[in-house]
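# Structural description and commentary
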Amino acid sequence: MNKRVLFINKNKVINIVIILSFILFAGCDLGLGEEEKDTVKPKGPIAALFYLGGTLPEFSGESNPFSGQEMSQFTLKKRIEKASTDLLVQEIVIHMGAIGTGWARASEIEDILKNAAKKKPLTCIIESADNKTYAVAASSCPKISIAPAGSVDIIGLGMESLYLKDLLDMIGVKADMLHVGKYKSAAENVTLNEMSDEAREASNSLLSDINSRFISLIASSRKLQKDKIAAIIDNAPYTANQAKKAGLIDNVESIGAVLSRLNKKYKGGVVSNYGKSEPQKFDFTSIVKMFSGDKEDKQKDNASKIAIIPVLGTINSGPAANNFLGGESSVHDLELINILLQAANDDSVKGVVLRIDSPGGSALASDNIWEAVRELKKRKPVVTSMGDVAASGGYYIACATDYIFANPDTITGSIGVVGGKIVIGEALEKLGAHKDGVMLSKRSAIMSPFTPFSEDEKKTVYLSMERMYKLFVNRVSEGRNLKEADILKIAEGRVWTGSQALEIGLVDKMGTLEDAISKAKVLSKTKGVKAVLYPKPKSFMETLGEQLSGQDVTLKYINSFKAGRAALSFGLLLSRNKVLAFSPYLYEIE
């Protein structure tokens, strides 16, 4: 028998004991995966209420009860679909807060609500609606209400970013960055004080395409002329009563008033957490199952399936780091390659859907994953479903698959590379710290953070990046069955919306995750099989066990801000890689 020795930090043991004590004595809901169990049936007809707002992760982190996320988009879709076919559900009410997804995933949420509205009466009650939240409500809700104190803030789309060159110069830090592709603007925030002409051209094209759909969508759904909507946007924001007068909403009423009315109307009242299983009471059997795992669930995994493999976050080299307390999603090539290999060897997996929502990252890791996807494709069909962003390294992976679906508002492309280093030598000198050392060869200090590149070093790094760019173009050419000369015309690091990408041949069709699943079933010649997350989400105890043998994770204050996480991601990638396939991650269209 193999024995495994664990070296466990004393403080970590204390933390784990506290966590286990809380679970054992206070009890908790063990329904931590994406699978939903049946709830207790209500006594009569009901209205099903769903809250829709916040970041809404694509898939659940529910194997981690401390991650702070109650429900994913994947789970929300299943619950709303269940409500729309449940005979006891008489109507569906969506309590809508600010939607924190990108525009592409917001469009997918629209589709979820539209489909439900075809089967049941559906009303949306919005708190205060920004551009994105109102777009979802207007396009998918037959009736829109807003609280008396709420507002409709459709102030129009915009994109802005922070440029730090002067600040870095002031403190003695130099961003010694290079890029291949004139539109490859991922490093401009630290090398310039304003947007380059190329970045402005690409950004204007991207924003205009999304804005055109934004105006058309509102005009069509609210039965108003496009020029009227443009004028409404120019004069926003609006109070609740002003929004009603402008034809943007149907009623002014609070969520409390709506729920009170529905509770009187239906015998079963309002079910505010429809589809969520009841918390299970802890007993000795539950504890044993939690530690040993459920054998019945493992046996079910042999059923034929379409495997949904998430590719979410920045792309890194090596194994995944433990992140017990939650945080920013990331992709690690070693972990993902093992999952792809597992899917290739798993006879129950008939086809694979990669759900890609990634701005890219390490060029090397992206190419490693590309190779693994290509090998998987030789054995079973692989389809891509793009989320908000599938650009640079994210697109690198997608182009290896058989078929690519994107949303019209997906940000994709960015075929180019960026690289370099952040030089802090002058900043340290200002603080009284001085660098010295011994270098045994001409380029020993090429990636030293203390000195800028010499002309010879810069040329060497650029040649390395140029080779990576040519390989990237070659991979796209092979995957998309297009000539390299044609790829070069649409590459250069430029980002495109999904609808633009369709026109230039980077994607195959506009569609959702469901469309990608359907395509995988067609390509694999299977019918009636389920699509499931793959591999099955880890249990709580598996996550806890990994934490015991892993490293501590400290949640930083800066990680609470999206721009902060983006900057940290870029900085960490740059500290480990000379060449990055990384898109303008700070593109956040509001």
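Let me sum up the structure you'll find in this document. (Residues numbered from 1 in each chain as written. Predicted model: local features only at pLDDT ≥ 70, side-chain atom pairs only at ≥ 80, totals over all residues. Heavy atoms only, no water.)

## With respect to the pairing of strand β1 (residues 46-54)
A large share of β1 lies buried, amounting to seven of its nine residues. Looking at chain direction, β1 and strand β2 (residues 89-99) are connected through eight bridges and run parallel. Bridge pairing in β2 places Tyr51 opposite His95. In the sheet, β1 pairs with strand β9 (residues 270-271) via two bridges, with the strands oriented parallel. (Buried < 20%, exposed > 50% of the residue type's maximum accessible area, 1.4 Å probe, protein only. Helix = DSSP H or I, 4+ residues; strand = E, 2+ residues; numbered from the N terminus. Pairing = 2+ DSSP bridges.)

## Points about the packing of helix α14 (residues 363-377) against helix α17 (residues 455-480)
Between two packed helices, the angle of one axis relative to the other and the distance separating the axes together describe the packing. Interhelical geometry of α14 versus α17 gives an angle of 25° and a closest axis separation of 12 Å. Here α14 lies roughly parallel to α17, going by the angle between them. Judged by the twist between their axes, the crossing of α14 over α17 is left-handed. Residues Ala363, Asp367, Trp370, Glu371 and Arg374 of α14 touch α17, and the partners they reach there are Met468, Leu471, Arg475 and Glu478. By residue class, the composition of the contact of α14 with α17 is four nonpolar, no polar and five charged. (Axes fitted to C-alpha atoms, helices over the stretch in contact; angles between N-to-C directions. Parallel < 35°, antiparallel > 145°, perpendicular 65-115°, else oblique. Left-handed = near helix turned anticlockwise from the far one by under 90°. Contact = heavy atoms within 4.5 Å. Nonpolar A, V, L, I, M, F, W, Y, C, P; charged D, E, K, R; others polar.)

## Description of a nonpolar patch on the surface
Together, Leu167, Met170 and Ile171 give the surface a local cluster of nonpolar side chains, amounting to about 310 Å² of exposed area. Its place among the elements puts Leu167 in helix α5 (residues 165-171). Exposure remark for Leu167: the relative accessible area of 44% places this residue in the partly exposed category. (Patch = residues over 30% accessible without salt bridge, like charges linked within 9 Å, V, L, I, M, F, W, Y side chains within 5 Å. Areas by Shrake-Rupley, 256 points an atom, 1.4 Å probe, with all protein chains shown as cover. Salt bridge = Lys/Arg side-chain N within 4 Å of Asp/Glu carboxyl O.)

## Let's talk about the nonpolar core
The biggest cluster of nonpolar side chains holds 57 residues, and the ones touching the most others in it are Ile94, Met96 and Leu113. When residues in this core are grouped by element, the largest group, seven residues, is from helix α7 (residues 197-221). Once you skip the residues sitting within four places of it in the chain, Leu113 turns out to touch Leu52, Ile80, Ile94, Met96, Leu122, Cys124, Val136, Ser140 and Cys141. Grouped together as the second largest cluster of nonpolar side chains are 55 residues, Leu178, Val311, Val373 and Ala406 included. (Core = buried A, V, L, I, M, F, W, Y, C linked by side-chain atoms within 4.5 Å.)

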